[in-house]
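Fold and geometry: a report
What follows is the residue order along each chain.
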Amino acid sequence: MNPYILAILLFGLGLGTTITFASSHWLLAWMGLEMNTLAIIPLMAQHHHPRAVEATTKYFLTQATAAAMLLFASVTNAWLSGQWDIQQMTHPLPITIITLALALKIGLAPVHAWLPEVLQGLDLTVGLILSTWQKLAPFALILQINPTNSTILIILGLASTLIGGWGGLNQTQLRKILAYSSIAHLGWMILVLQFSPSLTLLTLLTYFVMTFSTFLVFKLNKATTINTLATSWTKAPLLTSLTPLILLSLGGLPPLTGFMPKWLILQELAKQDLALTATVAALSALLSLYFYLRLSYAMTLTMSPNNLSGTTPWRLSSTQLTLPLAISTTMAICLLPLTPAATALLAP
């Protein structure tokens, strides 16, 4: 892709998110989300592969549907209350519709079905943008409207953690596994949103760090299936021995970074007398843990298959920058001791 066009598209991505962040009016927020969608579409379809084009079309249709729902709900809110302000949402009907529209935008269950399909059709770099940056603007809006309907949030959260765990169990494609991992993590964030928005933000940030690291590892190994991962030992032995730690951090095992948000969320849910919800969420984390363990097993404890379909790819030296990978990997593994500092910052 032409570097000037690429620069304009990335600028559009940043500008769309920034406009949504800075807006207090629903039309401006909607405009930012639309800019975001339109800027990433050429990036998604840049390889002109039929699967990439199919994924782009699916993404465009779901995002357009969500944007239309958002616009409809904000007009309904203006009609019912005379307010266009994001913070002034009072009527339960537009709040519910907007919550569902934003859930569709970020891919929460039960409106998640597009996410694994879309991510599977993209290359790892655009998949990384889709899994991290594209979640920021809708999340900013969810945090601002602070949905009052607690039942719908808990249903969305629990459904996402369960479906994110179950959906990834039988997958062999890494991008689909990462999509289900994304759904499960978003479920945890939505569960605790109404009780502690700052904790939701902390979870989002730790999820970004861990996902960034995972995508970069897969990109360095040029891996898209579990079988390809088995050949990574010969390419980057040290990184291959660290990768299981990143994956287990995504699964939320102590003493790794990913344990911190899950621990704090379960604690918060227990404080709010939601013991059953906390139990279901904790058990659903075991489902996710299974497929992270499966990836770790394939990377470090198996020899790569020597049949024709699994021949070792060419070992060319990678042109990828290693500094972002080193920083994000260190953060994904080692940040648990900073939990007291994080909780002190989160305290209202």
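Since this is a predicted model, take the numbers as computed values, not measurements. (Residues numbered from 1 in each chain as written. Predicted model: local features only at pLDDT ≥ 70, side-chain atom pairs only at ≥ 80, totals over all residues. Heavy atoms only, no water.)

**Some details on the overall build of the protein**
Quick note on the threshold: A run of H or I in DSSP becomes a helix once it reaches four residues, and a run of E becomes a strand once it reaches two; helices and strands are each numbered from the N terminus. Note on exposure labels: buried denotes an accessible area under 20% of the residue type's maximum, exposed denotes more than 50%, and partly exposed covers the range between, all computed with a 1.4 Å probe on protein chains only. Under the convention used here, a 1.4 Å probe and the Shrake-Rupley method define accessible areas, while residue burial counts only the protein chains that appear. Neither His nor the chain ends is counted toward charge; the positive residues are Lys and Arg and the negative residues Asp and Glu. Here the site of a charge means atom NZ of a Lys, CZ of an Arg, CG of an Asp or CD of a Glu.
On a plain count of helices and strands, the protein comes out with 17 helices and zero strands. Expressed as lengths along the three principal axes of its C-alpha atoms, the size of the protein is roughly 65 × 50 × 35 Å. Across the 348 residues of the protein, 54% fall into the buried class. Here the protein has roughly 15600 Å² of accessible surface; of this, 70% comes from carbon and sulfur atoms. Put simply, the protein has 13 plus and 7 minus side-chain charges, and the middle of one group is 16 Å from the middle of the other.

**Quick word on the UniProt feature "transmembrane region" (unreviewed entry) in the protein**
Which entries qualify depends on this criterion: UniProt positions are given in the numbering used here, feature names are shortened, and annotations may be inferred rather than shown by experiment.
As annotated by UniProt and renumbered to match this structure, "transmembrane region" (unreviewed entry) occupies residues 60–80, 92–115, 151–170, 177–195, 201–221, 233–254, 274–293 and 325–347. With 71% helix and 0% strand, the stretch residues 92–115 has end C-alpha atoms that lie 28 Å from each other. Structurally, residues 177–195 comprises 84% helix and 0% strand, and the distance from its first C-alpha atom to its last is 29 Å.

**Quick look at the pattern of salt bridges**
Operational definition: Put simply, a salt bridge is a Lys or Arg side-chain nitrogen that is within 4 Å of an Asp or Glu carboxyl oxygen.
Across all of its chains, the model carries three salt bridges by this definition. Lys176 is the partner of Glu117 in a salt bridge, and the nearest nitrogen-oxygen pair spans 3.6 Å. Note that Glu117 is positioned in helix H5 (residues 114–120) and Lys176 in helix H9 (residues 174–192), a separation of 59 residues in sequence. Several salt bridges converge on common partners, so that one network encompasses Glu54, Lys58, Glu117 and Lys176.

**Side note on the environment of Thr330**
Worth spelling out the cut-off: We define a polar contact as two N or O atoms separated by no more than 3.5 Å, with the added condition that, inside protein, one atom must be a possible hydrogen donor and the other a possible acceptor, whereas residues neighbouring each other in sequence contribute only through side-chain atom pairs.
Assignment of secondary structure puts Thr330 in helix H16 (residues 323–334). Taking C-alpha positions, Thr330 is 13 Å from Pro255, a pair spaced 75 residues apart along the chain. Of note is the side chain of Thr330, whose polar atom sits 2.6 Å from the backbone oxygen of Ala326.

**Some points on helix H2 (residues 26–44)**
Counted only if it meets this: Helix span is expected to be 1.5 Å times the residue number reduced by one. The criterion used for residue contact is that any of the two residues' heavy atoms lie within 4.5 Å.
In this model, H2 (19 residues) spans 27 Å end to end at C-alpha, consistent with the 27 Å of a helix rising 1.5 Å per residue. Those residues of H2 that sit buried are Trp26, Ala29, Gly32, Leu33, Asn36, Thr37, Ala39, Ile40, Ile41, Leu43 and Met44. In this fold, the buried residues of H2 make contact with helix H1 (3–22), helix H3 (50–81), helix H4 (92–106), H5, helix H6 (124–131) and helix H7 (133–145).

**Brief notes about the side chain of Gln120**
You can see Gln120 is positioned in helix H5. Looking at Gln120, the relative accessible area reads 12%, which means it is buried. In contact with Gln120, other than residues within four places in its own chain, are Gln173, Arg175 and Lys176.

**A short note on the packing of H9 against helix H14 (residues 259–271)**
Rules: Angles here are taken between N-to-C directions and fall from 0 to 180 degrees, while the axes themselves are lines fitted to C-alpha atoms, restricted in helices to the stretch in contact. Each crossing gets its hand from how the near helix is turned against the far one by less than a right angle, where anticlockwise is left-handed and clockwise is right-handed. All residues other than Ala, Val, Leu, Ile, Met, Phe, Trp, Tyr, Cys, Pro, Asp, Glu, Lys and Arg, Gly among them, are scored as polar; the first ten of these are nonpolar and the last four charged.
At a closest axis distance of 10 Å, the pairing of H9 and H14 adopts a crossing angle of 35 degrees. Handedness of the crossing formed by H9 with H14: left-handed. Across from His185, Trp188, Leu191 and Val192 in H9, the residues of H14 making contact are Lys262, Ile265, Leu266, Glu268 and Leu269. Grouping the amino acids of the contact of H9 with H14 by side-chain chemistry returns six nonpolar, one polar and two charged.

**Considering empty space enclosed by the protein**
Note the threshold: Put plainly, a pocket is an open set of points on a 1 Å grid over the protein atoms alone with protein on both sides within 12 Å along at least five of seven lines, a cavity is a set where a 1.4 Å probe fits but cannot get out, and a lining residue has an atom within 4 Å of a point. Grid points are joined across faces, edges and corners, and a volume is the space filled by probe spheres set on the points.
A full pass over the atoms with the stated rule returns three cavities of 30 Å³ or more. The space that makes up the largest cavity amounts to roughly 80 Å³. In terms of lining residues, the largest cavity is bounded by Leu33, Asn36, Thr37, Tyr59, Gln63, Lys105, Trp114, Leu130, Gln134, Lys135, Ala137 and Pro138. Contributions of two or more residues to the lining of the largest cavity are made by H2, H3 and H7. Its residues placed into classes, the lining of the largest cavity shows six nonpolar, four polar and two charged.

**A look at a nonpolar patch on the surface**
Here is the rule: A patch consists of residues exposed above 30% relative accessible area that lack any salt bridge, with like charges linked at up to 9 Å and nonpolar side chains (Val, Leu, Ile, Met, Phe, Trp, Tyr) linked at up to 5 Å.
A surface patch of nonpolar side chains, amounting to about 340 Å² of accessible area, comprises Met1, Ile5, Leu6 and Leu10. Overall, Leu10 belongs to the partly exposed group, its relative accessible area being 41%.

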